[in-house]
Amino acid sequence: MKRRNFLKNSSLTAAGLVSASAMVACKTETKPEETVVAPAPVKPIKPIVVCTWNFLNATDKAWQVLKSGGSSLDAVEQGVMVEEADVTNETVGKGGRPDRDGNVTLDACIMDKDGNCGSVVCMQNIAHPVSVARKVMEETPHIILAGKGAEKFAYEQGFKKEDLLTESTRKQYQEWLKTSKYETIINIENHDTIGMLAIDEKGDIAGACTTSGMAYKIAGRVGDSPIIGAGLFVDNEVGGATATGVGEEVIRTVGSFLIVELMRQGKSPQEACEEGVKRIMQKNKDRKDFQIGFLAINKNGETGGYCVHPGFTYREYSEKGHENKEVTSFYS
């Protein structure tokens, strides 16, 4: 017998003797009246998609991807692309309102179940920034590409140059130039983002966020939407969160990351969103001139949302149906 076979057989024999001895030593008698209770079966996670605001067509598209067995990553990308292509939505993608120099600059990010992420900021002439963000994630060693560099990369990846101003947004810009007054308007001016979170049939979570940003912003301004941890964050062990509203305030608290960490500590999505808004308001005592809305989902498919002022809603689509949900607010 070869040495390695002898040692292998000897070790197996010894292990068998030890195991048998341990089993005898640990064996206990079961009383007749005792019953062995089997562990409860793990409840399978059902596909679900949620997004900020009442974007019915976007969640419908994402749900079709999930229903056909597609991944949560494909679902959120294809879902928000619906709004990027809708020229009547003047806060996202093509047709978005320009900055004060008259240029439409787009921001977007995407994040998958493994923590991989990609982002583009201040990008012009490309209608689908979320898809460019995904290319950044999958085709480069980087996470964020900005401005002309992001646009150049998009062309290299086959994206087409488009004029993002529409007749409507061009006329609005010309009218704005008469006063050049910059102010935020609750739930109108700040209604500038679609953030989407999804869980697929495998239980994996992904998220995406896309926006044209604040109308008539200073050229080069970037809000929270394309910033991983601020406008969007996903942890596949815990859940995901996304934000809408005045991005500067979300960035200051790293809002979406905060909410996911609060869920990790045991808070429900609703409780985490409420705490996220309250953290912001602690730094803005008695301030009422801005809106923030948070949306979260946990690994079990439970959702929640909370905002500064009434009016923020989120759309949810699951096997239970399609519903637009109003959320409670810090100020009633």
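Figured I'd write up the structure that's included with this text. (Residues numbered from 1 in each chain as written. Predicted model: local features only at pLDDT ≥ 70, side-chain atom pairs only at ≥ 80, totals over all residues. Heavy atoms only, no water.)

### Focus on the pattern of salt bridges
Phase 1 of the analysis: One pass over the full model with this rule turns up 20 salt bridges.
Phase 2 of the analysis: Between Lys148 and Glu151 there is a salt bridge whose closest N-O contact spans 3.7 Å. Here the residue Lys148 and the residue Glu151 both occupy positions in helix H5 (residues 147–156), the gap between them amounting to three residues, near one helical turn.
Phase 3 of the analysis: Under the relative-accessibility criterion, Glu151 is labelled buried at 6%.
Phase 4 of the analysis: Residues joined in a network through salt bridges with shared partners are Asp74, Glu77, Arg134 and Glu138. (Salt bridge = Lys/Arg side-chain N within 4 Å of Asp/Glu carboxyl O. Helix = DSSP H or I, 4+ residues; strand = E, 2+ residues; numbered from the N terminus. Buried < 20%, exposed > 50% of the residue type's maximum accessible area, 1.4 Å probe, protein only.)

### Side note on the sheet that holds strand E5 (residues 193–199)
Phase 1 of the analysis: A sheet is described by the order of its strands in space; here eight strands give the open sequence E4-E3-E2-E6-E5-E1-E11-E12, paired in mixed fashion. The open sheet is flanked by strand E4 (144–146) and strand E12 (321–326), the only strands paired with a single partner. Averaged over all pairs of adjacent strands, the angle between their axes in this sheet comes to 10 degrees, without regard to strand direction.
Phase 2 of the analysis: As paired strands, strand E2 (residues 106–111) and strand E6 (residues 205–211) are joined by five bridges and run antiparallel to one another. Paired with Asp107 across the strands is Thr211, a residue of E6.
Phase 3 of the analysis: Against the sheet, helix H3 (residues 72–85) engages E2, E5 and E6, with an angle of about 155 degrees to E5. (Pairing = 2+ DSSP bridges. Axes fitted to C-alpha atoms, helices over the stretch in contact; angles between N-to-C directions. Contact = heavy atoms within 4.5 Å.)

### Quick look at the packing of aromatic side chains
Two aromatic rings are characterised by how far apart their centres lie and by the angle between their planes.
Phase 1 of the analysis: Summed over all chains, the structure comprises seven aromatic pairs.
Phase 2 of the analysis: Here the aromatic rings of Tyr173 and Trp176 are separated by 6.1 Å at their centres, their planes lie at 20 degrees, and the arrangement is stacked. Taken together, the positions of Tyr173 and Trp176, both in helix H6 (residues 167–176) and three residues apart, correspond to about one turn of that helix.
Phase 3 of the analysis: Exposure remark for Trp176: the relative accessible area of 10% places this residue in the buried category.
Phase 4 of the analysis: Every member of this aromatic cluster is reached through a ring pair, and the members are Tyr173, Trp176 and Tyr216. (Phe/Tyr/Trp six-rings, centres within 6.5 Å; stacked < 30°, edge-to-face > 60°.)

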